[in-house]
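Results of the structural survey
Here's the letter readout for the chains.
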Amino acid sequence: MGVFASTDDPDATGHEQVVFCQDKQTGLKAIIGIYSTALGPALGGTRFYPYASEEAALADVLDLSRGMAYKNALAGLDLGGGKAVIWGDPEQIKSEALLRAYGRFVQSLGGRYYTACDVGTYVPDMDVIARETRYVTGRSVEHGGAGDSSILTAWGVFQGMRAAAEQVWGVPTLHGRRVGVAGLGKVGKYLVGHLLDDGAEVVATDVNPRALEWARTTHPQVTLVDDTSALVAADIDVYAPCALGGALNDDTVAVLRAKVIAGAANNQLAHPGVEKLLADRGILYAPDYVVNAGGVIQVADEIEGFDFERAKLRATGIYDTTREILRLAEADGIPPAVAADRLAERRMAEVGRLRTIHLR
Ligand SMILES: NC(=O)c1ccc[n+]([C@@H]2O[C@H](COP(=O)([O-])OP(=O)(O)OC[C@H]3O[C@@H](n4cnc5c(N)ncnc54)[C@H](O)[C@@H]3O)[C@@H](O)[C@H]2O)c1
């Protein structure tokens, strides 16, 4: 099946389309995965990463594109799910010609796939890709882009956290709660601001001394702890993973004292089954891909011509979506992660079906 080497069979995953793109001169090897266009063109970023093998690149794009379909569906967007990977070390091979060659492959899909930034690709790269294709978002402000997506990501996480607080404590506020934030990066910093404005007490950690210095000078009332293990074991009401994926594993769940988890990090559940461990311990998990959709809402808005207030309003809706998911989970006796998947699948099926009504 593979073009660059032998690979697993993507047919087994239910994807609509998987495209292998190669340009030997520039060293471009890319795979574009379109999981679903039931709700509209597939939107998802391009990850530029030195995968160990073509199989690893393919597995990642299949996984990520499927995840985007669910995220975009629950974000209420008229967009399907897709993602792309460029296989190689961006430090070594990223060039204008390579990005433009990639842009031409995106254009060749005629709008079935919109690309954006992801790990290893940045706003200026999107501007280069845009010289070859109309189907790119996440561009610079000078080119009509939305700018820093972490602003609305943090806002959406805060809204999802409010919904989870309401489910557990009866009121949609973090006022008087102790919230542990792991990761004071682009999203974590804005989230801390929202939490303090809401009257929460914040405990935080980061591995980067500059991030800790930022906290000390900007928000001296924030309590800093040594590392994530200390944060997880601390006396906190809410845990907000805002660093890397896999934050919720057997070890962290066993010692976690928080009653609510809501954070920005992608793929927080280290393995399938962690959501059940959390439920068994009475910890409410607001699914990551639901609460961190503010960023994709922002770049999706750019496709229409960016309007910050319109995008913020939609990101505020993450409160309602999270509430609906948590109520469904409670009513059906299922973990919130399962309820979220069900709602996303329902929207893809119900709204996607409308395309069978023929229009001239
Ligand atoms: N930026 C967005 O719009 C967006 C959207 C959706 C999801 N996310 C996800 O949210 C998370 C944070 O994104 P970001 O844009 O703020 O990234 P970032 O790189 O700006 O920040 C991550 C922070 O986590 C810290 N960190 C790394 N390892 C750590 C550890 N072991 N313990 C404590 N801190 C650690 C880093 O030092 C950094 O300050 C990522 O998982 C990202 O995929 C971001």
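Scroll up a little and you will see the structure.
My aim in this report is to walk through the structure given alongside it, one point at a time.

Rules and cut-offs
Residues numbered from 1 in each chain as written. Predicted model: local features only at pLDDT ≥ 70, side-chain atom pairs only at ≥ 80, totals over all residues. Heavy atoms only, no water. Helix = DSSP H or I, 4+ residues; strand = E, 2+ residues; numbered from the N terminus. Buried < 20%, exposed > 50% of the residue type's maximum accessible area, 1.4 Å probe, protein only. Pairing = 2+ DSSP bridges. Contact = heavy atoms within 4.5 Å.

Time to look at unusual backbone geometry. A negative phi angle is the norm for most residues apart from glycine, just as the trans form is the norm for most peptide bonds. The backbone phi angle of Asn-267 is positive, close to 50 degrees, even though this residue is not glycine. Secondary-structure assignment places Asn-267 in the loop between strand 11 (260–261) and helix 10 (274–280).

A few words now on the pairing of strand 2 (residues 28–36). Of all the nine residues making up strand 2, eight are buried; the element is thus mostly covered by neighbouring parts of the structure. Between the antiparallel neighbours strand 1 (residues 17–23) and strand 2 lie four residues, among them Gly-27 with a positive phi of about 85 degrees. Sheet analysis places strand 2 next to strand 5 (residues 80–87), joined by six bridges and oriented antiparallel. Note on strand 5: the bridge partner recorded for Ser-36 is Gly-81.

Another aspect to go through is the sheet that holds strand 12 (residues 284–285). What the six strands build is an open sheet, ordered 9-8-7-10-11-12; its pairing is parallel. Sheet topology places strand 9 (223–224) and strand 12 at the edges, where each strand pairs with a single neighbour. Here two bridges tie strand 10 (residues 238–241) to strand 11, and the two strands are oriented parallel to one another. By the bridge assignment for strand 11, Tyr-239 is matched with Ile-261.

Turning next to the environment of Trp-169. With respect to the element layout, Trp-169 can be found in helix 5 (residues 150–169). By relative accessible area, which is 24% here, Trp-169 ends up partly exposed. A sequence separation of 39 residues divides Trp-169 from Ala-130, and the C-alpha atoms of the two residues are 47 Å apart. Once residues lying within four places of it in the same chain are set aside, the contact partners of Trp-169 are Arg-177, Asp-237, Val-238, Lys-259 and Val-260.

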